[in-house]
Structures are given as C-alpha cells and as structure tokens.
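# Secondary and tertiary structure notes
Single-letter residue listing:
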Amino acid sequence: MANYTAADIKDIREKTGAGMLDVKKALDEANGDHEKAVEIIRVKGLKGIAKREGRAASEGLIAADVRDVEGGQLGTLVEINSETDFVAKNAKFIALGDEAVAAAVESGATTPEELAETSFGEALTNAGATMGEKILVRRIGRVQGEVVTNYMHRTNKDLPPQVGVLVATDKAGAEVARDVAMHIAAYSPLYLTREDVPADVVENERRIAEETAKNEGARYVREVEPVRQALGLGQVHLLGHSW
C-alpha cells in the first residue's frame, strides 16, 4: 500500500481542487509520490475534458474589478462557472475568478472567446483538468463612468458572490448608486425606461392579458388588468419600479 497521510490528501486537494477519492487513487497510483500524484490528476483531468463538454456548468461566481482610468473609473465583471458548489467555494476556483477578471481588464477582452485567447485560456483549461469539472467563463460585463459602484450579492453565505452589479454615475449620483445596484440585483430589470422596452415585449404583455381575461372574465379586464399591465411592464424597466 502506498505511504501517504491525511495531510498529503488535504494538500493535494487544496492545490488541485480534486475530490478526495480522486486524490487517494492518484496517490495510490503514484506510490505516495506527492508531485507525481498531482501530475496524474492533471493528465486524467485533461483526458476527461471532451467528456465534460456536454455537462451543465450552473454553479460558480462573479469576480469584479473597479479601477481608476482617465476621465473616471472602469468596472469589469466576469462570471465563471463550475458544475458543483463544492468546486465553486474552493479557494483555487475563487482565485481563478480573480485571475479571470484581471486578465479581462489587462487584455480588454469583452467576450469569453477573446479571454480564451489570452494566457488565461491555458489556466482555465488546467483548472478544468485538476478540478475534474467543466469550468468556463460565461460572460464579461464592463461599464465606465465618472464613478463606478459595484455590488456583489451572495445567494448562499457559504458560497462566493453569484450576483454582481455595476452602476456608473456622476459624483452626485454615487451617493445612491449602491441602493440602485442592490435594487437591480433583487429585481433584474432588463431595460432602463418604459421607452426602452421593445414592442414585442409590450405585445407579449398584452397577449398574456388577453389569455388571462378569457379565464378571469369582464371584471378582471376592467379593474385588475390595467394594474397588472402597469406592474408587469414596470418590472422589466428600472424606472418603473417602486422606490
């Protein structure tokens, strides 16, 4: 039997993000050799990348960066996903998120494809190999203004932030920017004003109203529907919300 300790297992798990069983198997195969075990995990992980392509990566985190630039500030958000929350809360994965947003800022990448063309692309591939999961950058967001305020929201206290909002304002608006960001995080409005709402979205609200009216009758159309439409459209544009 290979000679290794619980401390060895813990150290390799922290280094690679691999599961306990995978680490034990790698140490057994490497006859307890620490470095060889890490290499085995990476090699086996890389071989499994193709198999993981079709799997869903719905967990993860949002990493943020706000820095001073000429004329104000620049804010960048990067969403990076994993398959499980076990990996999402791993220190190596969290560090990968910081690396991702730093690479996005440095390169000016605006899409995951552009980011993959930077040196970070190799780090992303290696992370998927060592952690044994599908790891991907989902999207990149960027805003610039006189002042940029960011708000990061945790949907679970044990996990890293999974919702991020950037709000660009002038200096006067910065006083309420965090409240606006929190409101956006809570309600996810798609547009800023009623005028920004596309005609097809308005038409869809009307279609829903017609279908509902068939089931609810004349009183619904006369008394309830005007309120529902106002509230419904209000939910999709920020300035239509109650403050």
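Our subject is the structure listed above.
In this report, we go over the structure that sits alongside the text. (Residues numbered from 1 in each chain as written. Predicted model: local features only at pLDDT ≥ 70, side-chain atom pairs only at ≥ 80, totals over all residues. Heavy atoms only, no water.)

### What to know about helix H2 (residues 20–29)
For an α-helix, the turn length of 3.6 residues means that residues three or four places apart are oriented alike. Every buried residue of H2 is listed here: Val23, Ala26 and Leu27. Angular distribution of buried residues about the axis of H2 spans 100°; they occupy a single face of the element. One or two steps after H2, the chain reaches asparagine 31, where phi turns positive at roughly 55°. (Buried < 20%, exposed > 50% of the residue type's maximum accessible area, 1.4 Å probe, protein only. Helix = DSSP H or I, 4+ residues; strand = E, 2+ residues; numbered from the N terminus. Arc of directions from axis to C-beta.)

### Quick word on the environment of lysine 36
You can see lysine 36 is positioned in helix H3 (residues 34–47). For lysine 36, a relative accessible area of 41% puts it in the partly exposed group. Taking the C-alpha atoms as reference points, lysine 36 and alanine 26, separated by 10 residues in sequence, lie 8.2 Å from one another.

### So, the pairing of strand E1 (residues 59–69)
One face of the sheet, then the other: side chains in a regular strand alternate in exactly this way. As paired elements, E1 and strand E2 (residues 72–82) share 11 bridges and run antiparallel to each other. The residue of E2 that forms the bridge with alanine 64 is leucine 77. What sits between E1 and E2 in their antiparallel hairpin is a turn of 2 residues, with glycine 71 showing a positive phi close to 90°. (Pairing = 2+ DSSP bridges.)

### Looking at helix H6 (residues 91–107)
When the terminal C-alpha atoms of H6 are compared, their 24 Å separation across 17 residues agrees well with the 24 Å that a helix rising 1.5 Å per residue should span. Of all the positions in H6, only Phe93, Leu96, Gly97, Ala100, Val101, Ala103, Ala104 and Val105 are classed as buried. Lining the buried residues of H6 we find E1, E2, helix H5 (85–88), helix H7 (112–116), helix H8 (120–131) and strand E3 (136–145). Regarding H6, its N-cap is asparagine 90, as a side-chain oxygen of that residue lies 2.7 Å from the backbone nitrogen of lysine 92 further along. Phi turns positive one or two residues past the end of H6, at glycine 108, with a value near 80°. (Expected span 1.5 Å × (residues − 1). Contact = heavy atoms within 4.5 Å. Polar contact = N/O pair within 3.5 Å; in protein donor to acceptor, adjacent residues only side chain to side chain.)

### A word on unusual backbone geometry
One non-glycine residue with positive phi stands out, namely asparagine 31, at about 55°. Mapped onto the elements, asparagine 31 comes out in the loop between H2 and H3.

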